[in-house]
Amino acid sequence: MTALLALLLAPLFSGTVKWLKARLTHRQGPSPLMEYRNLAKLWRKVWVVPHPTTPLFLLGPIMALLGTLGALALLPILPGLSFKGDFLLALYLLGLGRFLQMLAALDAGSSFGAQGSYREGVVTVLAEPGTLMALAGAVLLGEGFSLSGLPQLGVENSLVLLLALASLALALLAEGARMPVDDPTTHLELTMIHEAQLLDHSGPLLALYELAGSLKMLFYAGLMALLLPGPKPLVFLGVVGAWAVVLAYLETYGVKLRYLRLPDFLSYNTLFGVLALLGAIWRF
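Below is a short write-up of the structure. Model, not experiment: these values are computed from the prediction.

## Structural notes on the overall build of the chain
Part 1: Looking only at helices and strands, the chain features nine helices and zero strands.
Part 2: Shown N-terminal to C-terminal, the secondary structure of the chain runs as helices and strands in the order α-α-α-α-α-α-α-α-α.
Part 3: Rg of the C-alpha trace for the chain: 18 Å, near the compact-globule value of 19 Å for 284 residues, within the 12% margin.
Part 4: Expressed as lengths along the three principal axes of its C-alpha atoms, the size of the chain is roughly 55 × 40 × 35 Å.
Part 5: For the chain, contacts bridging at least 24 residues in sequence account for 77% of all contacts bridging at least 6.
Part 6: When the accessible surface of the chain is totalled, it reaches about 12,900 Å², and 71% of it is carbon and sulfur.
Part 7: Placing the 18 positive and 16 negative side-chain charges of the chain at their respective mean positions leaves the two points 6 Å apart.

What follows is the structure, given as structure tokens:
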């Protein structure tokens with residue numbers, strides 16, 4: 001159910017970010033619903049497959065979407081699956097989709113695709129450990145060692161959960177390929193990270209990638225909603241709305257970090273994750 005809700009919201013989320021960015025620069029901008037029409041337009045087009053490629057070229061976008069939907073299905077915002085250690089499976093599904101996406105970009109034989117895959121791999125290696133430790137710290141404070149048993153932010157656990165929330169916020173920027181880690185609107189191949197992997201995909205394959213990118217950000221927004229008090233569906237919608245405003249502001253007034261500065265920036269994600277895990281173990 002959570003995956004279905006996210007699937008319906010994902011184009012609206014991306015469209016709202018673009019509309020807010022336009023409004024912040026005093027332009028009318030496209031309608032927040034424009035992304036639905038863009039996806040439908042891409043879906044009706046014919047895809048072009050470079051020659052020679054293997055089935056990995058088609059498998060990349062399909063698994064990027066299915067992996068993200070599988071991870072979202074494990075979030076207990078609406079009734080769904082829940083079992084011990086489900087947060088590990090959710091991160092694994094995201095990682096599997098990302099891995100096949102990188103292989104698909106390499107499969108096309110494009111130099112920019114290879115460069116984007118390398119850079120995406122580095123960002124993933126820098127961001128994943130902090131995210132895993134932050135989630136593990138939050139799960140240790142909860143019940144059942146699962147996402148459905150995550151504790152809510154309160155006085156007794158405020159420090160650990162605030163550190164976990166900070167780590168997840170940085171992970172959303174890194175995994176979602178947003179400012180200041182990546183610029184989703186750049187057309188300069190040499191500065192691209194995520195977008196460089198999509199250059200050889202078109203039509204429905206590109207639509208799957210676009211949808212998977214928005215869903216990935218909703219996954220991290222969903223994790224943050226689980227740690228906040230209140231009815232989960234309403235908190236989730238509130239967190240998604242807040243992130244639309246934050247991303248619009250960051251991408252209007254912020255700048256993209258140089259690639260060589262990303263390890264410094266993402267080291268805060270690891271630091272917050274380590275402190276959250278130690279805080280959960282030592283109960284400070």
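## Remarks on the pattern of salt bridges
Part 1: This model, assessed by the stated rule, comprises six salt bridges.
Part 2: As a salt-bridge pair, K21 and E251 come within 3.1 Å of each other at their nearest N and O atoms. Note that K21 is positioned in helix α1 (residues 2–24) and E251 in helix α8 (residues 232–253), a separation of 230 residues in sequence.
Part 3: Residue classification places E251 among the buried positions, given a relative accessible area of 10%.
Part 4: In this structure, R261 and D264 form a salt bridge, with 3.7 Å as the shortest nitrogen-oxygen distance.
Part 5: Via salt bridges that share partners, K21, R178 and E251 belong to a single interconnected network.

## Looking at the packing of aromatic side chains
The geometry of an aromatic ring pair is captured by two quantities: the separation of the ring centres and the angle between the planes.
Part 1: In the structure shown here, the tally under the stated rule is four aromatic pairs.
Part 2: Note on F87 and F145: the rings are 5.4 Å apart at their centroids and 75 degrees apart in plane angle, and the pair reads as edge-to-face. One end of the pair, F87, is in helix α4 (residues 86–107); the other, F145, is in the loop between α5 (111–141) and α6 (158–175), and 58 residues separate them in sequence.
Part 3: With relative accessibility at 30%, the residue F145 sits in the partly exposed group.
Part 4: Considering the side-chain rings of F219 and Y220, the 5.3 Å spacing of their centres and the 85 degrees angle between planes classify their relative orientation as edge-to-face. Here F219 and Y220 have matching classes, each one buried.

## Considerations on the packing of α1 against helix α7 (residues 203–226)
Part 1: In the contact formed by α1 and α7, the axes pass within 9 Å of each other and the chain directions differ by 100 degrees. Judged by the inter-axis angle, α1 sits roughly perpendicular to α7. Residues A6, L7, L9, A10, P11, F13 and S14 of α1 lie in contact with α7, whose contacting residues are L211, S214, L215, M217 and L218.
Part 2: Here the residues of the contact of α1 with α7 are counted per class, giving 10 nonpolar, two polar and no charged.

Conventions and cut-offs
- Residues numbered from 1 in each chain as written.
- Predicted model: local features only at pLDDT ≥ 70, side-chain atom pairs only at ≥ 80, totals over all residues.
- Heavy atoms only, no water.
- Helix = DSSP H or I, 4+ residues; strand = E, 2+ residues; numbered from the N terminus.
- Rg over C-alpha atoms; globule rule 2.2 N^0.38 Å.
- Contact = heavy atoms within 4.5 Å.
- Areas by Shrake-Rupley, 256 points an atom, 1.4 Å probe, with all protein chains shown as cover.
- Lys, Arg positive; Asp, Glu negative; His and termini not counted.
- Charge placed at Lys NZ, Arg CZ, Asp CG, Glu CD.
- Salt bridge = Lys/Arg side-chain N within 4 Å of Asp/Glu carboxyl O.
- Buried < 20%, exposed > 50% of the residue type's maximum accessible area, 1.4 Å probe, protein only.
- Phe/Tyr/Trp six-rings, centres within 6.5 Å; stacked < 30°, edge-to-face > 60°.
- Axes fitted to C-alpha atoms, helices over the stretch in contact; angles between N-to-C directions.
- Parallel < 35°, antiparallel > 145°, perpendicular 65-115°, else oblique.
- Nonpolar A, V, L, I, M, F, W, Y, C, P; charged D, E, K, R; others polar.

None of this, on its own, says anything about what the molecule does.
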